[in-house]
Amino acid sequence: MPFSITIPRLGWSMEEGTFVRWLKKDGDVVRPGDAVFELEGEKAAQDIEAVDSGILRIPHDAPKPGTVVAVGAVIGFLVGDGEAVPNSINANTSTSASIPKSDAPSASAIVQSLPSRLAEGHEAPAAAPSVRRLARERGVSLSALEGSGPSGRIMAEDVRTTAKGKTMPPQAHSAQVASPRARRVAKELGIDWRRLHGTGRGGRVRERDVRAAKPQLNQLSGLTVVPVSSRRRTIANRMISSREQTASVTLMTQIDATNLVGLRTQFKQAANGSNIPSYSDIIMKLVSLALRQHPLLAARSEGDQWMIPSMSDGLHIGLAVDTEGGLVVPVVRDVGSTGLFELANQTVKLIEKSRAGTLVVSEMQGGVFTISNLGSFGIDAFTPIINLPETAVLGLGRIRREPVVVDDKIVARDQLTLSLTFDHRIVDGAPAARFLQTVSQAIENPSAWLLRSDG
Amino acid sequence: MTNHDIAKTCLGLYRKMQVIRQTEEELARCHQRGLIHGACHTYVGEEAIASSVCSHLRTEDVVFSTHRGHGHALAKGLPPKELMAELFGRQTGCSRGRGGSMHLFSPEVGMMGTSGIVGPCILQACGGGYSFKLMKTDNVAVAFFGDGAVNNGAFHEGLNMASIWKLPVLFVCENNQFATEVPFAYSAGNPSVGSRGVAYGMPGLTVDGNDALELHRVAGEAVARARAGGGPTLIECVTYRTRAHAEGMGDFTYRTREDVEEWKKRCPIQRLRTTAIEQGIVTAAELDSVDGEIKGLVEEARKFAESSPWPEAVSATQFAYSEDPVSSKVPIQNLRPAAGREITMTQATHEALSEEMGKNPGIFVMGEGIGQRGGNFKTTAGLFDIYGPTRLCDTPICERGFVGLACGAGMTGTRPVIDFMFADFVLDSVGEIVNQIAKIQYMSSGRLKMPVLLRGCIGIGHSAATHHSGNYYAMYAQIPGLTVVVPSSPYDAKGLFKRALNSNDPVIFLEHREILSVKGPVPETEYEIEFGKAAIVRPGQDVTVVALARMVHLTLSVCDELEKEGISVELVDPRTVLPLDIETILQSVKKTGRLLVVDEGFAPCGFAVDVAAQVADRGFNDLDAPIKRINGAFTPTPYSPPLEQAVVPQAETISKAIRELMRE
Ligand SMILES: Cc1ncc(C[n+]2csc(CCOP(=O)(O)OP(=O)(O)O)c2C)c(N)n1
Ligand SMILES: [Mg+2]
């Protein structure tokens, strides 16, 4: 029987991705480990490896490059020599899971210290769309089930059996339905039709219900509807989750950045053609030093637990980058032990990749802290949002020469405002303030801190 | 005949027979090796018949044949290599790989096709003869068929038509005494085929089918008679096939080895050789050299076939329809006018027919009572007086016969219009439509055209009861090669009828009996409407209704009332069921989000089903409600008025369905 090639889930929350292209041709021999196709997940494109061997067969109705495909969708087959070729991706076959080709460090230090249940148990269980719908209708949580199907896939029967045992009658979760047109219009307008009241037969949500949900948009002619890209939706969901799941507090302080400016001038003179470390680079390095003294600020929340990096773990720090497609946060590896000029090289590269949309998922994972710099837009202070599952984020404002009082004299100094948002569930106000103080001191005397850098 | 002529004839016949024999034997070998893919019926033992008859034919004369047709094709002039390549399934085959052994086409040499169906070749030869009569040429048409065909209705209907119209046709029956394994002596009440000629009023002869010289003489007389306007001849050739019915089939369950051996001794080739040498007409050396030459020819043919390319899979559907579908220069006007001179649908098609008959002398109409009488529905009123009996031809009641004839006529350059009165009667000829008319262009890889227009009334009404009320459009729409027109207005009827009369594809033109006298605006200037272009009969916003023929009028009758209730209906009339203008329907559903199909025909696998399925497929995201269908009740049409009313969709049914659709 041919093996099907399916769309893998990249990361935890991905429901669909964009099929980018095949990396093998129809008829090519594929061995386990060969990269077979490229898939764009929530934020980045990734090469997907085969786990079976066979001859690649791409049916006529396989997704074309650029199409959005659901996780678990079959997109092609691996067949044996002389084996019949399914002529449609809907043909029934045994499934060959594909695994993402990962060039990321396989697991971060944090994961290693996790209890094993958490380490393995978070993958969303495999189930066909029809089964997922059934589960939704019956109010059954898929993650609570053990699948009886091939490779543990949850089958409709599993859901029914569980639903029988439940006290909640199925009607209580009456299935919300919408016409195909209503779904399409809802998608175009960025409206969640599930929240709407349907006026059609049996409560079916119809186009008119969706349009009624956004009267202002409909009545104002001349407004264009902007389709929501999947990346935008991801960003939106992450922001909301952060707001909902954290108890965030922002602290702000104005500090003296004169020495920082001076140091950068020196770097400029010493650069000799290589990338000059930016303010963000220098501050990132200094933050990694401060985090060693305040490791709680580098905790990651994993389920009910908070994971704090140990002294031997490298500290990976994210840098918020603004791109045409929206915000992305590439992660600089092991900031503590990376030299400043090398750090500058890495951030330049990551920023370029972010803007080109070629970041791979692993380049955005594993961070313990994030830095966001809005200084170039003339912003002084703001309230950055925590990048889950991290604990804190540091916002950098603009550096500006201002009159300040030093020894009772008014002098011109470079001033910088730091905005630290932290999760009060994990850290209290005082320790967070102490961390900010440490960071401030480091930035005010950067040379000394860098020289005694412990990596 | 001079001695020289006799020698030439003998050598010519011998040569033809040898080409057939050696080619067939090579094909039998190839079949055994699996190089030939389907069935292969050889002509071994019967070579004298095709060779003798065809030696009197010119390229313009036409031959129609059967499943055992290799010999006829070769004798008519098909090069052996094109035959071999066809059986090998190659692009260079005479049917470009679309036919195989039983579907050989080479119109270039007057070989108009062999057929996997026993019988139709007889009717098609009548059609060829009819074309020649209409075009006043002295060409002849020949039908070769087996003893199995003479008990088939096609034989009876064909011989009768050829006789009453004195068509230049030879009916050559190859009585090899078996139809597959059924002995002719068993299946014929009158086992003398030749004697049946007299029953149809034509000369009928029985000849030794293995005597090439005698056959040559008899066929020569028959061909001459046909060319001179003396009408058809039936020739029974008594013969025997000395190989199995088809290659690979068992042979001795119904006849004995001894019988076969006995007949092998009567080999027509050997017989001619012996006679010719004995009578000093030709020398053995001359004949030997023919043998050697043909051996080389056949070898070459096989090499040609084997080395020829396969047809490209992407071309598998090419030629189902004509590559140059229309020849006319009349302006295309797909949009209906809002006003103007008003005439009925019957007047509209009549106008189209008479305009086109005036322009094209190849158009002729056949049907029952369409001559002097002018047609049951006045479809041809007055035309007989202008164009005469050959172009307005009253037929006997033999629907299969004259539809089969139309097929042969279409293949040979004229343009038949078959007027059925009621489409129910067409069913007697469905085999000719589905198996022949629809498929000929494809099987001949587009080298033959099939400009046949078949018209008849459909529809339920006025207690016509079940044999005068069928709706058959869905059935024909399942057949590749056909175009199915179902007009609802005089304007559409005229434009589409004119289009059909200029189309190279066969068209089934179905007129709903209940709307024939409904008037509508039709411009006096000429125009055509393209096939596959729907009409938006009434634009609207809320719900799309797709309907045909009378259902268009019925739907229209409820639109104003619904409009007052705030429901705006967009009514789409596809006008042709095949091809179907699904794009216009999708556009409409994109706007309205709702679809109702009103179809007087039956639901299963029907017109409404197809529209619904295509919209569900391609317009899924535009649908704001489930697709609804209204169909006629799935039952034969009853007579009694209340029963009749109960099986046909009513106006209230439609308005109710639309209101419900709005609530979905
Ligand atoms: C209408 C139809 N019915 C049945 C067949 C199946 N069939 C193929 S050949 C054959 C026998 C035909 O016998 P005959 O006409 O004597 O020709 P022969 O094979 O003897 O040359 C039959 C019944 C057919 N091809 N067409
Ligand atoms: Mg026979």
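The rules behind these values
Residues numbered from 1 in each chain as written. Chains lettered and ligands numbered in written order. Predicted model: local features only at pLDDT ≥ 70, side-chain atom pairs only at ≥ 80, totals over all residues. Heavy atoms only, no water. Near = heavy atom within 4 Å. Polar contact = N/O pair within 3.5 Å; in protein donor to acceptor, adjacent residues only side chain to side chain. Areas by Shrake-Rupley, 256 points an atom, 1.4 Å probe, with all protein chains shown as cover. Nonpolar A, V, L, I, M, F, W, Y, C, P; charged D, E, K, R; others polar. Donors = N, O, S within 2.8 Å, 3.2 Å for Na, K, Ca; no water. Buried < 20%, exposed > 50% of the residue type's maximum accessible area, 1.4 Å probe, protein only. pLDDT = per-residue confidence, 0-100. Salt bridge = Lys/Arg side-chain N within 4 Å of Asp/Glu carboxyl O. Helix = DSSP H or I, 4+ residues; strand = E, 2+ residues; numbered from the N terminus. Axes fitted to C-alpha atoms, helices over the stretch in contact; angles between N-to-C directions. Parallel < 35°, antiparallel > 145°, perpendicular 65-115°, else oblique. Left-handed = near helix turned anticlockwise from the far one by under 90°. Contact = heavy atoms within 4.5 Å.

A. Structural context of the site of ligand 1. All names here are of chain B. The environment of ligand 1 is made up of 14 residues, and the closest members are His67, Arg68, Gly116, Gly148 and Phe178. Between an oxygen atom of ligand 1 and a side-chain N or O atom of Arg68, the distance comes to 2.7 Å. Look at ligand 1: alone it shows 580 Å² of surface, and the protein chains cover 70% of it. Here the residues of the shell around ligand 1 sort into five nonpolar, seven polar and two charged.

B. Representation of the coordination of the magnesium ion (ligand 2) within the structure. Residues and elements named next belong to chain B. Around the magnesium ion (ligand 2), the donor atoms from the protein are Asp147 (OD), Asn176 (OD1) and Phe178 (O), and they sit 2.0 to 2.1 Å away. Between the donor residues of the magnesium ion (ligand 2), the gaps in sequence give the motif D-x28-N-x1-F. You'll find Asn176 and Phe178 in the same group, each marked buried.

C. Spotlight on the confidence of the model for chain B. This prediction gives chain B a mean pLDDT of 96; 100% of its residues lie at or above 70. ipTM for the predicted complex: 0.74, alongside a pTM of 0.68.

D. Region of the structure containing the pattern of salt bridges. Residue and element names in this part refer to chain B. Overall, the coordinates contain 64 salt bridges over all chains when judged by the stated rule. Salt-bridge contacts for Arg302 lead to Glu26; the nearest nitrogen and oxygen are separated by 3.1 Å. Of this pair, Arg302 sits in helix α12 (residues 284-307) while Glu26 sits in helix α1 (residues 3-32), placing them 276 residues apart in sequence. As far as the burial class goes, Arg302 and Glu26 line up, both buried. A salt bridge links Arg336 to Asp573; the nearest nitrogen and oxygen atoms lie 3.4 Å apart. Linking Arg336 in the loop between α12 and β8 (342-344) with Asp573 in strand β18 (residues 569-573), this pair joins segments that are 237 residues apart in sequence.

E. Main features of the packing of α1(B) against helix α2 (residues 47-54) of chain B. Residues and elements named next belong to chain B. Viewed as axis vectors pointing N to C, α1 and α2 meet at an angle of 135°, and their least axial separation amounts to 9 Å. The orientation of α1 relative to α2 falls into the category oblique. The way α1 lies across α2 gives a crossing that is right-handed. Of α2, the residues touching α1 (which contributes Leu13, Lys16, Met17, Ile20 and Arg21) are Glu47, Ala48, Ser51, Ser52 and Cys54.

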